[in-house]
Amino acid sequence: MSKVNANSSTSNNTSIGTRRVIIWLKYLNKWNIEVIMSFWVMSCVLLFFIFISSPVYSVSGSPKTELTYADYYEAGVEAYLDNRWKECINFLEKSLKEYSLHRSALVECRKSCRKKDFVLRSGVYHDRGTMFMAFYEEIIKNALCIMKCYHRSNSLYVRSVAVAKETEQNFENKMPYDYLQLCYFKEEHIEKAASAAYTYLLHNKDQEVMKNNLKYYLELPGMDVTKLNYLEAKEYQELYIKAGNKYSEGNYGAVVELMEQALIEYQKALEECRFLCEGAIESSPETELVLSIANFFTSSLRCKVDCPDKLSVIYGEKNEDFLPSHYHYLQFAYFHIGKVRKACEAVASYLLLMPEDPIMIENKVFYSKLNEVQEEWFAPRQETVNIYHEQERERSLLQFIENEFIFQDGDSFQNESRDEVQNAVENMQTDSNSTNTGSTGMKKEHHKRSAQEIQFWTESNKIQVILQEKDLNGTLRFAADGLLTNEQCEKLVILANEGAVNGDGYNGKQSPHTEFEMFEGLTVGRAAVLANNGELDVETVILLLNVSEKARRFVEMYFKLESSLYFAYTHLVCRRPVPDSPEKRKDLSHPVHADNCVLLTDGRCLKERPAYTWRDYSAIVYLNDDFDGGEFIFAKDKETVQAKIQPTCGRMVGFSAGVENLHGVEAVTRGRRCALGMWYTLDSKHKEGDRDFAEQVLHKLVVRTSEEENQGEKTKIHFDDDKKSPKNQQNNENEDNVFTSTNHLNPPPVTQERKQDKRRDQQIHEDL
Ligand SMILES: O=C(O)CCC(=O)C(=O)O
Ligand SMILES: [Fe+2]
């Protein structure tokens, strides 16, 4: 089980402390013995005074540690390598404790100094020079305060600040648990070993060795699975989960209490995360004062803006819209305990963070209809307003930085956290520059700002480029993930179930590409008509249009097109094997082809009818993966595959539509493969008329529905009055009845308990 062979470890068993003593003794040996003796006596006296007055002696009188968390870590790892299991446990547990103390001390100092010294007085500056001077004065005072604070709290913290980035990274990645689990196991602390392994795994999901370890520990006799703990759980997370549990039990009083506490703890955690972003960055290459400051500040800003995302990972799993979800639970729970005003505030807080959320908009309508509710009750809570404004300000500054600091030759303004998308785009840029024009014959003009725009837009739309030209062995092609959530994919597949018909979009041909498969299609125009007739869900049809628009924008930006890219055709297509089709097939579901020319057997591709010669770019967004076969292929010619892409929910493949991007689809041998195909043109003459039509139909439909709802609202208010006054609702003891009678309030989506339990079960019983 040992991940490192004990004998391969360092032969030097001497601990760090011992080594230091040996070094001192070496020097002492050179001295005369009398001198040494008198020096020793004097030193003892001196040391005693230093000791009692030293900050290393804490206020409570108990001696503080003498090693930093990094020292303990190093010692722990050494012990691990030497099979000294007890010491390994001792040192690593201490390293974790010290690490946490170190971080708290940093936060405490930064926080107290910010409050005390960082007070810029506005309105007293005669000119910009004075203002700058005042600003730097505050910075200097702040720096002094922080340094004093570090020294006061414990000089070790100062040393810890300078710990190598690598060690810090190890702690971020929860490496100590990697060693600890084995040391615990060797000392027969099975439950602790399992918990350490579990904790490590939650942060390092793909670690097969650790999965096996955990499985092994869990199967050991005497292991009590209920004692399996996540050792890095934070207060705000525990409270949130507990509140979720109370929600599933229907105990709304407890939900309110726990969720309110969770919010307080969340704010503390957020503040802590933000203060921790004010640490060191890799040394800046800048020599200019202002550039260095700007560089440093930007790095810290980026880190701060990421804090909500970091905090939303609970038990290793990201909870989307984590902060808003607190208010979702709260509005529901407050309503159920009769505190409607509080419920309205929670609704407003949620909407401040997520203004377009249709569920909460509906809830607001629901509350507005209650007799006692007044418009001013929908005021967001103060803490939400603060968080929101802070984030907005920071995001917009960051956006400004991203947009403006663009230098072509060896960007002097370091941009440390350039993400993969941007790099991908830049690599792609270089590649396509060298080809200059694609075989489509279109010259690609690149304007300088696009990389930043793409990064921003892509990030905010949570799209990640997963494969680019060089991975796909060709030009003007990419694959990206994140276009749709699972829930959205499911909705679109249902839309296809309900609306797609055989042969639609293929001139009525049910098997246009292979006799072994059937094709069902749904065009946007027909989808809109069906929505209008009440046969399809309107929101899902809007989603269909929206996701295709998102894909179009991404393609336009990714390929840095200077002129607009228009839809030429949009088609939701599902394909499946016909009954009794052979299991082993040689044919393709869609033979190798180009989207804008007719591919001849000699490899030439004629840009003439019946090809859709105006199509310039294509993209396909996939909706599911519960089928066999059906891989998308890029091909050099009819025989030679260059790359394969496995369809899955939210994945998109995009490429230029010419002969440079021959492609096809492998046979689908089981199940039903659904995808949203899009073909784009640079020529506005070939714009998809069906789309304009669909948009008009949907627009009218939405306006009509909201008008009808408004009329209905009056009746509903009357209806509610008759049925039950809000007072009665509050006094009603049977809360379920209250809920049924006011059917229009949307509850929060998933209880955390179930989610966590499911994840835990999966982790422990299935994954392993
Ligand atoms: O569904 C796919 O993956 C590709 C379809 C395609 O290439 C087409 O319809 O032109
Ligand atoms: Fe195609």
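Residues numbered from 1 in each chain as written. Chains lettered and ligands numbered in written order. Predicted model: local features only at pLDDT ≥ 70, side-chain atom pairs only at ≥ 80, totals over all residues.

Engineer: Tell me about the packing of helix H23 (residues 524-532) against helix H24 (residues 538-558), residues and numbers included.
Structural biologist: Interaxial distance between H23 and H24 falls to 9 Å at its minimum, and their mutual angle equals 160°. In this view, H23 runs roughly antiparallel relative to H24, as classed from their interaxial angle. The two elements H23 and H24 meet at a crossing, and its hand is left-handed. In contact with Val-524, Ala-527, Ala-528 and Ala-531 of H23, H24 contributes Val-538, Val-541, Leu-544 and Leu-545. Class assignment for the residues of the contact of H23 with H24 results in eight nonpolar, no polar and no charged. (Axes fitted to C-alpha atoms, helices over the stretch in contact; angles between N-to-C directions. Helix = DSSP H or I, 4+ residues; strand = E, 2+ residues; numbered from the N terminus. Parallel < 35°, antiparallel > 145°, perpendicular 65-115°, else oblique. Left-handed = near helix turned anticlockwise from the far one by under 90°. Contact = placed C-beta atoms within 7 Å. Nonpolar A, V, L, I, M, F, W, Y, C, P; charged D, E, K, R; others polar.)

Engineer: Before we move on, could you go through the sheet that holds strand E13 (residues 632-635) and cite the residues and values that matter?
Structural biologist: The strand order across the open sheet built from four strands is E8-E16-E13-E14, with neighbouring strands paired in antiparallel fashion. The sheet is open, and its two edges are formed by strand E8 (588-593) and strand E14 (641-645), each paired on a single side. The average undirected angle you get between the axes of adjacent strands in this sheet is 20°. Pairing between E13 and E14: four bridges, direction antiparallel. Its bridge partner lying in E14, Phe-632 is registered against Ile-645. (Pairing = 2+ DSSP bridges.)

Engineer: With reference to specific residues and values, describe the site of ligand 1.
Structural biologist: Surrounding ligand 1, one finds His-590, Asp-595, Ile-620, Phe-632, His-663, Val-665, Ala-675 and Gly-677. Going through the elements one at a time, strand E16 (662-666) and strand E18 (673-681) are the ones with two or more residues in the shell around ligand 1. Its residues assigned to classes, the shell around ligand 1 comprises four nonpolar, three polar and one charged. (Near = placed C-beta within 6 Å.)

Engineer: An account of the environment of Val-555 is requested, with residue identities and associated values reported.
Structural biologist: By the secondary structure assignment, Val-555 is in helix H24. The class for Val-555 is buried, based on 23 C-beta atoms found within 10 Å. Along the primary structure Val-555 and Phe-478 are separated by 77 residues, whereas in three dimensions their C-alpha atoms are 9.3 Å apart. Among residues more than four places away in sequence, those in contact with Val-555 are Leu-565, Tyr-617, Ala-619, Gly-654 and Tyr-680. (Buried ≥ 20, exposed ≤ 12 C-beta atoms within 10 Å, placed from the backbone.)

Engineer: Describe the sheet that holds strand E15 (residues 652-656), and please don't skip the residues or the numbers.
Structural biologist: Sheet architecture is open: eight strands sit in the order E3-E4-E15-E11-E18-E7-E6-E5, paired in antiparallel fashion. Either end of the sheet is taken by a strand with one partner, and the two such strands are strand E3 (464-467) and strand E5 (501-502). Two strands pair when backbone bridges link them, and strand E11 (residues 617-622) and E15 are joined in this way by five bridges, in the antiparallel orientation. The partner of Ala-619 across the bridge, within E15, is Gly-654. Strands strand E6 (517-523) and strand E7 (566-577) of the sheet are contacted by H23, whose axis makes an angle of about 65° with E6. Along the sheet face, H24 touches strand E4 (477-481), E7, E11, E15 and E18 and points at about 50° away from the line of E18.

Engineer: Account for helix H7 (residues 165-172), with residues named and values stated.
Structural biologist: In terms of burial, H7 is largely open, as just zero of its eight residues are buried. At the exit of H7 stands Lys-174, carrying a positive phi of roughly 65°.

Engineer: Explain H23 residue by residue, including any values.
Structural biologist: Listed in full, the buried residues belonging to H23 are Val-524, Arg-526, Ala-527, Ala-528 and Ala-531. Gly-534 sits one or two residues past H23 and shows a positive phi near 80°.

Engineer: Break down the packing of helix H16 (residues 340-353) against helix H17 (residues 358-368) for me, citing the residues and quoting the values.
Structural biologist: Relative orientation of the contacting elements H16 and H17 amounts to 150°, with a least axis distance of 10 Å. Compared by their axis directions, H16 and H17 come out roughly antiparallel. The interaxial crossing formed by H16 with H17 has left-handed handedness. Facing Val-340, Ala-343, Cys-344, Val-347, Tyr-350 and Leu-351 of H16, the residues of H17 in contact are Met-360, Asn-363, Lys-364 and Tyr-367. Each residue belonging to the contact of H16 with H17 can be placed in one class, and the counts come to eight nonpolar, one polar and one charged.

Engineer: With reference to specific residues and values, describe the environment of Glu-490.
Structural biologist: Of note, Glu-490 is situated in helix H22 (residues 486-499). Taking the number of C-beta atoms within 10 Å as the measure of exposure, Glu-490 has 15 and is therefore partly exposed.

Engineer: How would you summarise unusual backbone geometry if you had to cite specific residues and measurements?
Structural biologist: Look at Lys-462: it is not a glycine, yet its phi comes out positive at around 55°. Within the secondary structure, Lys-462 is located in the loop between helix H20 (450-460) and E3. Look at Asp-580: it is not a glycine, yet its phi comes out positive at around 65°. Its place among the elements puts Asp-580 in the loop between E7 and E8. Of the residues examined, Asp-580 has 6 C-beta atoms within 10 Å and is grouped as exposed.

Engineer: Please give an account of the confidence of the model for the chain that cites residues and values.
Structural biologist: Of the residues in the chain, 73% reach a pLDDT of 70 or more, and the chain-wide mean stands at 76. Element-level pLDDT for the chain is lowest in helix H26 (residues 726-731), with a mean of 24, against a maximum mean of 98 in E11. A low-confidence stretch, residues 408-449 (pLDDT under 50), is modelled with 60 contacts involving residues beyond four sequence positions or located in other chains. Note on residues 750-768: pLDDT is under 50 here. Beyond four places in sequence and across chains, it has 22 contacts. Interface confidence for the predicted complex, given as ipTM, is 0.99, next to a pTM of 0.50. (pLDDT = per-residue confidence, 0-100.)

Engineer: Any chance you could break down the environment of Leu-270 for me, citing the residues and the numbers?
Structural biologist: Inspection of the secondary structure assignment puts Leu-270 in helix H12 (residues 252-276). In contact with Leu-270, not counting residues within four places along its chain, are Cys-307 and Leu-311.

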